[in-house]
Structure formats: C-alpha cells, structure tokens
Amino acid sequence: MEFMNVLVTQVCIMFLLMMIGVLLFRTKKISVQGSKDIGNILVYVIMPCVVVNAYMTEFSMERLRGLAIAFGLSAAALALAMALSALLFRRHPIENFGTAFSNAGFMGIPIVQAVLGSEAVFYVSAFVALLNFLQWTYGVFVITGDRRQISAKKIVTNPILISMVVGILAFVLPVEVPGMITGTLSLIAGMNAPMAMISIGIYLAQTRLSELILDKTAWLSALVRLFVIPAVTLGLLSLVPDRYMLIKMAVLMVAVTPVGSNVAIFAQIHNKDYTQAVKSVCLSSVLSLISIPAVISLASHLWYFE
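This text gives an overview of the structure that appears in the document.

Procedures and definitions
- Residues numbered from 1 in each chain as written.
- Predicted model: local features only at pLDDT ≥ 70, side-chain atom pairs only at ≥ 80, totals over all residues.
- Heavy atoms only, no water.
- Helix = DSSP H or I, 4+ residues; strand = E, 2+ residues; numbered from the N terminus.
- Expected span 1.5 Å × (residues − 1).
- Bend = angle between axes of the 7 residues up to and from the residue.
- Buried < 20%, exposed > 50% of the residue type's maximum accessible area, 1.4 Å probe, protein only.
- Phe/Tyr/Trp six-rings, centres within 6.5 Å; stacked < 30°, edge-to-face > 60°.
- Lys NZ or Arg CZ within 6 Å of the ring centre and 35° of its normal.
- Contact = heavy atoms within 4.5 Å.
- Core = buried A, V, L, I, M, F, W, Y, C linked by side-chain atoms within 4.5 Å.
- Salt bridge = Lys/Arg side-chain N within 4 Å of Asp/Glu carboxyl O.

## A word on helix α6 (residues 118-144)
Two residues of an α-helix separated by three or four positions point the same way, owing to the 3.6 residues in each turn.
Then step 1. Helix length check: α6, at 27 residues, gives a terminal C-alpha distance of 37 Å against a target of 39 Å (1.5 Å per residue), a fit within 8%.
Then step 2. Largest kink in α6: about 40 degrees, centred on Gln135.
Then step 3. With 21 of its 27 residues buried, α6 lies for the most part within the structure.
Then step 4. Looking one or two residues beyond α6, the residue adopting positive phi is Gly145, at roughly 70 degrees.

This is the structure we're talking about:
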C-alpha cells in the first residue's frame, strides 16, 4: 500500500508541475521560443547529468550483471513497442514514432527515483540510452521515410549516449570523482522532473481542449501507448524471475509512460506535423495520470511487489 501511495503522490506532483507550465504560457510569462530553450536545456544538460549521476555509485559485479540484464529487458520491451506501433500506425508517422517511444527520461526517471530509489535509476538508464539511440536512427526513418536523414554524426554525438559512456566509465574505473563534481551533477539531475513537466504543460497550453477530445488518431495512439503496450510489456516481464524484481519493475515504470515529448521536437526539426505531435504528447500525458497507477498497481499485485 505504501508503494502505491508514493506512486500516486508522484503522479499528482507531475500533474501540478504540468499546470505550472500551462499557467506560465497562458499568462505570457514564457513563449513558444522559451519552451524550445527549455527543451534544449533538458536534452543537452539536465538529462545527461541524470544519466551520469545514476552511475555515481560503488562498483560491484552484481550491479554490472544487473545492468546487463536491464539492457536486455529494455531492448526486448522497446522492440515490442516498435513492432506494435509499426503494425497499427504504419500510415501515420507521427503516431508511429510517438507510440513506439515513451517519455522514459523526462517522466519515467523521476517516477522511478521517487518510488524505487537511486539503485533503480541506475538500471533504467539503460532503457533511456537505448530509446535515444533508436529515436535518432529508426525514429528518424519513421518520421521522414528517408534513410539518408539518419546521420552517423548525430548518433555518435547524441548527448544521452555520450553521458551513458561517461557514466559507465566512472562506474567501472577505480577513480574517485571529486565531491564538487558529484554535487553539481546531483543538483542538476534534480531539475529533471520540474523542468520536463513544466515543458509538457507549455505544450498542453498551446493545444485547444476541443482539438484533443475530437482527434480520434491521437486517442488511439494514447490508448495503445498507455494500455496496449504496457499490457504486452507486463506479460513479457512476468517471465523474468522474481530475484530481478527491482529491475523489471523499474523497466516497466519507464515503459508505461506517455508519448515522449521528443516526437514534437523531431517533427519540428524535419518539418512534419508539429501540431499533431503536440496533441499526441498532451493527450497521452494527461491520460497517463490515470493509466500509470493502474498498470503499476496491476503489476504489483501480480508480482506480489510491495
């Protein structure tokens, strides 16, 4: 019961943070350009610090094995999500991209941190790294339909992948990181949830409620992202032995989050339907306030997790 109380409380906090973003935009305290700037800070500063900070822990072979397992489970969960999205939204590139890739970094990690603790964040960093790699490769192809848009340079210079490599090196190598560095990383990482949810709130403020309610494609995308894919992922993870309970619960938590806000960023970059992307992000984010506790509650009962 305490586990679910923490989860519901965290989801409510997410909602309140979104409302701050809505108010900031509606009262003209922040502009569309300002929201783009927040997005850049999140992608290029805050998220890399979150990933590196997750690896600032004492090395052990048990943790290393757990990380390898997390990579395997993350790859399987993402493959399932991409296959289902491709099957259902082949003719809708925005929904195909958005449904395949959850908001694991901006929304998933804060929930995992609050509910399961820093140890779990260490493992789900694998999911976030794989997700970002796939967004910059398969995801770009889905949105553009052009393989030439996939740039090796963009993949290699992806901030999340770079931070993953840095973090793993810091974890494996017997080098003591100065407290000044770890303290800075921790402070910046703590900005992830507020900044990300305020950013989603700004997206929400730019969308008319009537447009969200009447858009059947956005509804279908949200329902698949929040219920169908989580159900399939739950079935997959149920096959994993209970001795890896922390890892599989953490992977499930990031896998059940709503459409990732990156779909709007990628749509903008490649001159695609940005408005439709924003609708998908906003509708699924609002509905996730109900779906996340529901799915995690079901998992905790099936797996006897407290």
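After that view of the structure, there is still more to cover.
## Brief notes about the packing of aromatic side chains
Then step 1. Tallied over the entire structure, the rule returns five aromatic pairs.
Then step 2. With a centroid separation of 5.2 Å and 75 degrees between ring planes, the pair formed by Phe122 and Tyr123 is classed as edge-to-face. By the burial criterion, Phe122 is buried, and Tyr123 matches it.
Then step 3. Through a chain of ring-to-ring contacts, the aromatic side chains of Tyr55, Phe59, Phe122, Tyr123 and Phe171 assemble into a single cluster.
Then step 4. Lying over the aromatic face of Trp303, Lys248 brings its terminal NZ or CZ to 4.5 Å of the ring centre.

## What about the environment of Gln113?
Then step 1. Mapped onto the fold, Gln113 is located in helix α5 (residues 104-116).
Then step 2. Residues Gln113 and Val128, 15 residues apart in the sequence, show an inter-C-alpha distance of 14 Å.
Then step 3. In contact with Gln113, other than residues within four places in its own chain, are Ser118 and Val121.

## Some words on the nonpolar core
Then step 1. Membership of the largest hydrophobic core comes to 104 residues, with the highest contact counts inside it found for Phe3, Val112, Leu116, Phe127, Met249, Met253 and Ile296.
Then step 2. Examining the composition of this core, we find that 15 residues originate from one element, α6, more than from any other.
Then step 3. Ignoring any residue separated from it by four or fewer positions in sequence, one finds Phe127 in contact with Ser74, Ala77, Leu78, Ser102, Ala104, Val251, Val254 and Ala255.

## A closer look at the side chain of Thr137
Then step 1. Along the polypeptide, Thr137 turns up in helix α6.
Then step 2. Judged by its relative accessible area of 12%, Thr137 is buried.
Then step 3. Filtering out sequence-adjacent residues up to four positions away, Thr137 remains in contact with Ile150 and Ile155.

## Describing the pattern of salt bridges
Then step 1. One pass over the structure, following the stated rule, counts three salt bridges.
Then step 2. Among the ionic pairs, Glu119 bridges to Arg63, the shortest N-O distance being 3.2 Å. In this pair, Glu119 is assigned in helix α6 and Arg63 in helix α3 (residues 61-88), connecting sequence segments 56 residues apart.
Then step 3. Accessibility expressed as a relative area gives 30% for Glu119, which makes it partly exposed.
Then step 4. A salt bridge links Lys248 to Asp242; the shortest N-O distance between them is 3.2 Å.
Then step 5. A relative accessible area of 1% places Lys248 in the buried class.

## Description of the environment of Val278
Then step 1. Relative to the helices and strands, Val278 resides in helix α15 (residues 274-302).
Then step 2. Take Val278: its relative accessible area is 4%, and that puts it in the buried class.
Then step 3. In this structure the C-alpha to C-alpha distance between Val278 and Phe25, which are 253 residues apart in sequence, comes to 15 Å.
Then step 4. Not counting residues within four places of it along the chain, the set of residues in contact with Val278 comprises Tyr203, Thr207 and Ala264.

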